[in-house]
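Chain by chain, the residues:
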Amino acid sequence: METTNHQEGEAQTVKNCDPTAESNTSGPADSLATSLSLLGNHMFPDAAVRSDRIATDGNKHADSDVATEEPHLDRAPSSNQLQKLKTENTEGENSDPAQLPDRGAEDGVTDCDQNDSGEFVVTMLAKAKLEEQGIGLKGRSSPLLEAGTLESPTTTSHRDEDVTADSWRQHRKHIFVLSEAGKPIYSRYGSEEALSSTMGVMMALVSFVQSGDNVIRSVYSDQHTVVFLQKGPLVLVCVSSSRQSEQQLRGELLYVYYQIISMLTQASISRIFEHKKNYDLRRLLAGSEKILDGLLNLVDSDPSFLLAAVHCLPLASSLRDSLSQILQKAITPNLVFSILIAKNQLLTIVQEKTVIEDMKLDPADIHLLLNLIGASSAFQAGEIWTPICLPLFNPDCYFYAYISYLDPPDCTVCLLLLSTDKEAFYSVAECKRKIEEAMVAQNSLSLIAKAQSYSVNQVGVSDLRHFMYKPFDVPDSYRQLTQFTSPEMEAPYGSEEEKMRLLDLYRYMHSRIHSTSRPLKLIYHVAERETLLAWVTSKFELYTCFSPLVTKSCAITAITKLLRWIKKEEDRLFIRYPPKYSTTPNPSKSYRGGKSDQQDSTDNGFLSLL
């Protein structure tokens, strides 16, 4: 059936081609083939080049054929047979198939004086003073600067990696960020300077397809998938040898884009490139490489990004409620979010009442905050006050984040308070003092320290090795933060290699469930070393892993027992009712998509910290 549909899609593509255009495209086709060949020769130089097949889909996005074999992580790249170039008509583009919710890259950009030069805008952005902005780290240098300079030896070696070596080409996944002018901005492996010619070829491909009023989406070969994503003046490219779908890879590129926006805001980036198209954005992102590296490491290893949900630390409902009440009582004007995190998982979040009536916080924003906090040990030093943009909440404005650990020197419990007032450091710090005193009085920190993730053995289902459960039927679902739960990965998935192999199987099941061409509701998949079953209903999304000899009927019976256990433990596993408080009559007035004073590009203290 899949083969038939694929062939019909090809026939439709040929039918939609203009015969006159076909007879006059030898020159452009040769140019495109040359660009593809140059890109292939650099990324996969030992492979034999074959003729390319070009398809223009219009509004239809055909899924690539999905193999049923398990992903092979150690397979070295061996081919640059760029067989399929998918493009999409820009006029007919109605939706982005990425997992994350998408915001228009040009929406909400503030007006700017046409007489301002690009250099003036950049100077104002780069020279914003800590004292004038009321932000920074009390008594220390910027944690964000330290996050970029005090890199681990592993990260440093990635930066110095030889881009001509076979070891560089054999990386599982490459991520590149460049500007529309072809200026390199970021590369996951190797220095941007050494890859400037490669990124130039990538931009040439993008520009060539754009010249025909189309948008390049992906290029497929036997061993690799190349995915392109253009967001405003930025172009993001992923070259992957994994078995992830194009939709999943595009979602990861969106995360990289959102992390950049969280540091600079979308309005600032758009304004800079409007004034100077060939501006080198690395001047403003200097020191942030470790933040982006950490994000990509999390994307590879944390299923939260795959499920677009937040992982809550299992906690007795009485303890979680008491923590929420403590946060509810420690408030100040313009305080919008109070978030408590432990062991890189969410304990509780309290939101300003009028804010959640308008919109809810997206899991992607929480993921970006968690990545920022984990990017450097400098955040463990004391009280941090720094601007941060939440791209899915509003990509053009800043919140001001107060970050402090409550249990030094262990530094496992972190308090994050977000305000709309850049001058509110001392009042927000007073809220932290009240929270700390209340938690000490109630012995909350020691109780949190005892909280641990659970073992799959506690479920009491034989042959069940692991699962991921994402509920949909939650109270106040329109306000609720999307959450999921899963046990610790235990034997036989104790090693990093085995964990990655299981995650790859989950990604395969997820791509089949969420296929844009033929989505499925139930999948029973027998792999070489395990059996998996994925199931999506109106009430939940579930992925389970069993021992290899489990039959389909036994797996369904086991899932019934699992769902009963989750229902029994849901108050411990999830935040069921989102707590809220009221601090000001209308604290979210600047965050409803309109223009505000906080959208001014000169109000960018984050750049001073970088």
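Residues numbered from 1 in each chain as written. Predicted model: local features only at pLDDT ≥ 70, side-chain atom pairs only at ≥ 80, totals over all residues. Heavy atoms only, no water.

Caption draft 1: Spotlight on the overall build of the protein. Across its full length, the protein carries 22 helices and 20 strands. The 610 residues of the protein split such that 56% are buried. A total of about 25300 Å² of accessible surface is found on the protein, and carbon and sulfur atoms cover 49% of it. (Helix = DSSP H or I, 4+ residues; strand = E, 2+ residues; numbered from the N terminus. Buried < 20%, exposed > 50% of the residue type's maximum accessible area, 1.4 Å probe, protein only. Areas by Shrake-Rupley, 256 points an atom, 1.4 Å probe, with all protein chains shown as cover.)

Caption draft 2: View of the layout of surface pockets. The computed volume of the second largest pocket comes to approximately 890 Å³. Lining the second largest pocket are 33 residues, and of these Ser-301, Asp-302, Pro-303, Lys-499 and Leu-503 sit closest to its centre. Counting only elements with at least two residues in the lining of the second largest pocket, the list comes to α13 (289-301), α14 (303-307), β9 (310-311), β11 (345-352), α17 (363-374) and α20 (496-513). Per element, the largest residue contribution to the lining of the second largest pocket is five residues, and it comes from α20. Across the lining of the second largest pocket, the residue classes break down as 11 nonpolar, 13 polar and nine charged. (1 Å grid on protein atoms, 1.4 Å probe; cavity = no way out; pocket = protein on both sides within 12 Å on 5 of 7 lines; lining within 4 Å. Points joined across faces, edges and corners; volume = space filled by probe spheres on them. Nonpolar A, V, L, I, M, F, W, Y, C, P; charged D, E, K, R; others polar.)

Caption draft 3: Local environment of the pattern of salt bridges. One pass over the full model with this rule turns up 21 salt bridges. Between Lys-567 and Glu-570 there is a salt bridge whose closest N-O contact spans 3.5 Å. Taken together, the positions of Lys-567 and Glu-570, both in helix α21 (residues 552-573) and three residues apart, correspond to about one turn of that helix. By relative accessible area, Glu-570 is classed as buried at 15%. A salt bridge links Arg-572 to Glu-569, with the nearest nitrogen and oxygen atoms 2.9 Å apart. With Arg-572 and Glu-569 both in helix α21 and three residues apart, this pair spans about one turn of that helix. When its relative accessible area of 18% is taken as the criterion, Glu-569 is described as buried. It is possible to trace a salt-bridge network through shared partners that takes in Lys-173, Arg-188, Glu-252 and Asp-300. (Salt bridge = Lys/Arg side-chain N within 4 Å of Asp/Glu carboxyl O.)

Caption draft 4: Focus on unusual backbone geometry. In this structure, Pro-409 follows Pro-408 across a cis peptide bond, with omega equal to 5 degrees. Secondary-structure assignment places Pro-409 in the loop between β13 (399-405) and β14 (413-419). Across the junction of Ala-491 and Pro-492, the peptide omega takes the value 10 degrees, indicating a cis bond. Along the chain, Pro-492 falls in the loop between β16 (483-484) and α20. Positive phi outside glycine occurs at Lys-343, with the angle close to 55 degrees. Relative to the elements of secondary structure, Lys-343 occurs in the loop between β10 (335-342) and β11. Lys-343 gets classed as partly exposed once you look at its relative accessible area, which sits at 30%.

Caption draft 5: View of the sheet that holds strand β15 (residues 464-471). Spatially, four strands are ordered β15-β19-β18-β17 in an open sheet, and the strand pairing comes out antiparallel. Each edge of the open sheet is held by one strand with a lone partner, namely β15 and β17 (522-526). Here the average twist between neighbouring strands, direction ignored, is 5 degrees. Note: β15 against strand β19 (residues 540-546), seven bridges, orientation antiparallel. Considered in β19, the bridge of Phe-467 is made with Thr-544. Sheet contacts for α21: β15, β17, β18 (531-536) and β19; angle to β19, the most-contacted strand, approximately 125 degrees. (Pairing = 2+ DSSP bridges. Axes fitted to C-alpha atoms, helices over the stretch in contact; angles between N-to-C directions. Contact = heavy atoms within 4.5 Å.)

Caption draft 6: View of the environment of Leu-369. Here Leu-369 lies in helix α17. Leu-369 sits in the buried class, given a relative accessible area of 5%. The sequence separation of Leu-369 and Ala-401 amounts to 32 residues, and the corresponding C-alpha distance is 9.7 Å. Excluding its chain neighbours within four sequence positions, the residues that come into contact with Leu-369 are Ile-339, Ile-388, Leu-390, Leu-416 and Leu-418.

Caption draft 7: Examining the packing of aromatic side chains more closely. If you walk through the whole model with that rule in mind, you get 15 aromatic pairs. Ring centres of Trp-385 and Tyr-400 lie 6.3 Å apart, and the angle between their planes is 25 degrees; on these two criteria the pair is classed as stacked. On the criterion of sequence distance, the pair formed by Trp-385 in strand β12 (residues 384-388) and Tyr-400 in strand β13 is long-range, its members being 15 residues apart. For Tyr-400, a relative accessible area of 2% translates into the label buried. Joined through ring pairs, the aromatic side chains of Trp-385, Tyr-400, Tyr-402, Phe-425 and Tyr-426 make up one cluster. (Phe/Tyr/Trp six-rings, centres within 6.5 Å; stacked < 30°, edge-to-face > 60°.)

Caption draft 8: Representation of the confidence of the model for the protein within the structure. On average, residues of the protein carry a pLDDT of 77, and 69% of them reach 70 or more. Here residues 47-156 is modelled with pLDDT under 50, and outside its nearest four sequence neighbours on either side it reaches 280 contacts, counting other chains as well. (pLDDT = per-residue confidence, 0-100.)

Caption draft 9: Helix α11 (residues 266-275), seen in detail. Taken across its 10 residues, α11 has eight buried, putting it largely inside the fold. For α11, every residue scored as buried is listed here: Gln-266, Ala-267, Ser-268, Ile-269, Ser-270, Arg-271, Ile-272 and Phe-273.

Caption draft 10: Representation of the packing of α13 against α17 within the structure. At a closest axis distance of 9 Å, the pairing of α13 and α17 adopts a crossing angle of 120 degrees. The angle between α13 and α17 places the two elements in the oblique class. Considering the relative orientation of α13 and α17, their crossing is right-handed. Taking contact as the criterion, the partners of Ile-291, Gly-294, Leu-295 and Leu-298 in α13 are, on α17, Leu-368, Asn-371 and Leu-372. For the contact of α13 with α17, the per-class residue count stands at five nonpolar, two polar and no charged. (Parallel < 35°, antiparallel > 145°, perpendicular 65-115°, else oblique. Left-handed = near helix turned anticlockwise from the far one by under 90°.)

Caption draft 11: A look at the packing of helix α10 (residues 246-264) against α17. Where α10 contacts α17, the axes come no closer than 10 Å and their chain directions differ by 65 degrees. Of the possible angle classes, the one that applies to α10 and α17 is roughly perpendicular. Along this stretch, α10 crosses α17, giving a crossing that reads as right-handed. Listed contacts from α17 to Tyr-255, Tyr-258, Gln-259 and Ser-262 of α10 are Ala-364, His-367, Leu-368 and Asn-371. The residue makeup of the contact of α10 with α17, split by class, is four nonpolar, four polar and no charged.

Caption draft 12: How the structure looks around the environment of Ile-216. Relative to the helices and strands, Ile-216 resides in strand β6 (residues 214-220). Residue Ile-216 is classed as buried on the basis of its relative accessible area of 5%. Sequence separation between Ile-216 and Val-227 is 11 residues, and the spatial gap between their C-alpha atoms is 8.5 Å.

Caption draft 13: Up close: the pairing of strand β8 (residues 234-240). By the criterion of burial, β8 is predominantly enclosed, with seven of the seven residues buried. A two-sided burial pattern is seen for β8, the buried positions comprising Leu-234, Leu-236, Cys-238 and Ser-240 on one face and Val-235, Val-237 and Val-239 on the other. Bridge analysis of strand β4 (residues 173-179) against β8 gives seven bridges, and the strand direction is antiparallel. Paired with Ser-179 across the bridge in β8 is Leu-234. As paired elements, strand β7 (residues 225-231) and β8 share seven bridges and run antiparallel to each other. Among the inter-strand pairings, Leu-229 is bridged to a residue of β8, identified as Leu-236. What sits between the antiparallel neighbours β7 and β8 is a turn of two residues, in which Gly-232 has the positive phi angle 60 degrees.

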